[in-house]
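Commentary on secondary and tertiary structure
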Amino acid sequence: MTLDDTDRGILNRMQDDLPLCPDPYAAVAAELGLAETDLLTRLARMKESRVITRFGPFFDAAAMGGAFCLCAMEVPEAVFETVLTKVNAHPEVAHNYERTHRLNMWFVLATETPEGIQVTADAIERETGIAVLCFPKLQEFFIGFRVAA
């Protein structure tokens, strides 16, 4: 899919705060000089073509008493799909990506308490028989992504 200037403007704008109002998409569309239906159609098209994979809020789990942790596993290719299904069955798994590396499964755990990270990692290890390596966040970085026009 080729992005036009309007698509790029939508992607850039949608990374900022959405207005807290009854019709936030209509408000954003008006800011961009679009009809709400055009904005929603373009977002749906970008999602269907995987230009974007998800759209939703980002919560600061630590500020709410919880925790995030990046995790990795070395999963034999023969059982990758089975392990993937077991890992993804945990509601604490926020993302799961396959990588071409010895550590070929990477995912994020998001838990209600900091202790929940180890509890969930231990459960995944018991269920899969494969070690879960936990890489806790040492420092917070906010990286803005903008699409050039």
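Scroll up a little and you will see the structure.
Structure report, in brief. (Residues numbered from 1 in each chain as written. Predicted model: local features only at pLDDT ≥ 70, side-chain atom pairs only at ≥ 80, totals over all residues. Heavy atoms only, no water.)

1. Quick word on the pattern of salt bridges
A side chain of one charge can pair with a side chain of the opposite charge if their charged atoms are brought near each other. We apply this condition: The term salt bridge refers to a pairing of a side-chain nitrogen on Lys or Arg with a carboxyl oxygen on Asp or Glu at a separation within 4 Å. A run of DSSP states H or I qualifies as a helix once it reaches four residues; a run of E qualifies as a strand once it reaches two. Both are numbered from the N-terminal end.
Summed over all chains, the structure comprises 8 salt bridges. Salt-bridge contacts for Asp 5 lead to Arg 8; the nearest nitrogen and oxygen are separated by 3.9 Å. Here the residue Asp 5 and the residue Arg 8 both occupy positions in helix H1 (residues 5–14), the gap between them amounting to 3 residues, near one helical turn. Look at the salt bridges and you will find they share partners, linking Asp 4, Asp 7, Asp 38, Arg 42 and Arg 45 into a network.

2. Quick look at the sheet that holds strand E4 (residues 133–136)
We count it as follows: For two strands to count as paired, DSSP must find a minimum of two bridges between them. For helices, the fitted axis covers only the stretch in contact; all axes are lines through C-alpha atoms, and the angles between them, taken along N-to-C directions, range from 0 to 180 degrees. Only heavy atoms enter the contact rule, under which two residues are in contact if any of them lie within 4.5 Å.
With antiparallel pairing, 4 strands are arranged side by side in an open sheet as E2-E3-E1-E4. Both outer strands of the open sheet, strand E2 (93–98) and E4, are each paired with one neighbouring strand and no more. If you compare each strand with its neighbour and ignore which way they point, the axes differ by 20° on average. Judged from the 5 bridges that link them, E2 and strand E3 (residues 105–111) form a sheet pairing that is antiparallel. Among the inter-strand pairings, Asn 96 is bridged to a residue of E3, identified as Phe 107. Helix H5 (residues 115–128) rests against strand E1 (67–73), E2, E3 and E4 of the sheet, and its axis sits at about 135° to E3.

3. Observations regarding the nonpolar core
Threshold: Residues enter a nonpolar core if they are buried and are Ala, Val, Leu, Ile, Met, Phe, Trp, Tyr or Cys, with the set joined through side-chain atoms within 4.5 Å. Exposure categories follow from relative accessible area, calculated using a 1.4 Å probe and restricted to protein chains: below 20% of the type maximum is buried, above 50% is exposed, and the middle band is partly exposed.
If you look at the biggest cluster of nonpolar residues, it comprises 18 residues, and the most contacted ones within it are Met 73, Val 87, Met 105, Phe 107, Leu 109 and Ile 124. When residues of this core are traced back to their parent elements, those giving at least two are E1, helix H4 (80–88), E3 and H5. Non-local contacts of Met 73, meaning those with residues more than four positions away in its chain, are made with Val 83, Val 87, Arg 102, Leu 103, Asn 104, Met 105, Phe 107, Ile 124, Thr 128, Ile 130, Ala 131 and Val 132. Counting 12 residues, the second largest nonpolar core, distinct from the first, contains Ala 29, Leu 39, Met 46 and Ile 52.

4. So, helix H2 (residues 24–32)
In plain terms, the rule: Directions drawn from the helix axis to the C-beta atoms are what define this arc.
Regarding H2, the residues found buried are Pro 24, Val 28 and Ala 29. For H2, the angular spread of the buried residues around the axis is 135°, confining them to a single face. Packed against the buried residues of H2 are H1 and helix H3 (36–48). Just beyond H2, the residue with positive phi is Gly 33, at close to 75°.

5. Describing the packing of H1 against H2
Note the cut-off: Here the word oblique covers every angle except those under 35 degrees (roughly parallel), over 145 (roughly antiparallel) and from 65 to 115 (roughly perpendicular). By the definition used in this description, the sense in which the near helix is turned from the far one sets the handedness, with an anticlockwise turn below a right angle giving left-handed and a clockwise turn giving right-handed. Note on residue categories: nonpolar means Ala, Val, Leu, Ile, Met, Phe, Trp, Tyr, Cys or Pro, charged means Asp, Glu, Lys or Arg, and polar means any other residue, Gly included.
In contact at an axis separation of 11 Å, H1 and H2 are set at 130° when each is read in the N-to-C sense. Considered as vectors, H1 and H2 are oriented oblique to each other. In the crossing of H1 with H2, the sense of the turn from one axis to the other is right-handed. Of the residues in H2, those in contact with Gly 9, Ile 10, Arg 13 and Met 14 of H1 are Tyr 25, Val 28, Glu 31 and Leu 32. In the contact of H1 with H2, the residues fall into 5 nonpolar, 1 polar and 2 charged.

6. What to know about unusual backbone geometry
With a phi close to 65°, Arg 50 is a non-glycine residue in the positive phi region. With respect to the element layout, Arg 50 can be found in the loop between H3 and E1.

7. A short note on the packing of aromatic side chains
Rule in force here: Geometry of aromatic contacts follows a simple scheme: Phe, Tyr and Trp rings, the Trp one being its six-membered ring, pair when their centres are within 6.5 Å, and the pair is stacked under 30 degrees between planes, edge-to-face over 60, tilted otherwise.
What the rule picks out here adds up to 1 aromatic pair. Look at Trp 106 and Phe 135: their rings are 5.6 Å apart centre to centre, the planes differ by 20°, and that puts the pair in the stacked class. In this pair, Trp 106 is assigned in strand E3 and Phe 135 in strand E4, connecting sequence segments 29 residues apart. Given a relative accessible area of 36%, Phe 135 falls into the partly exposed group.

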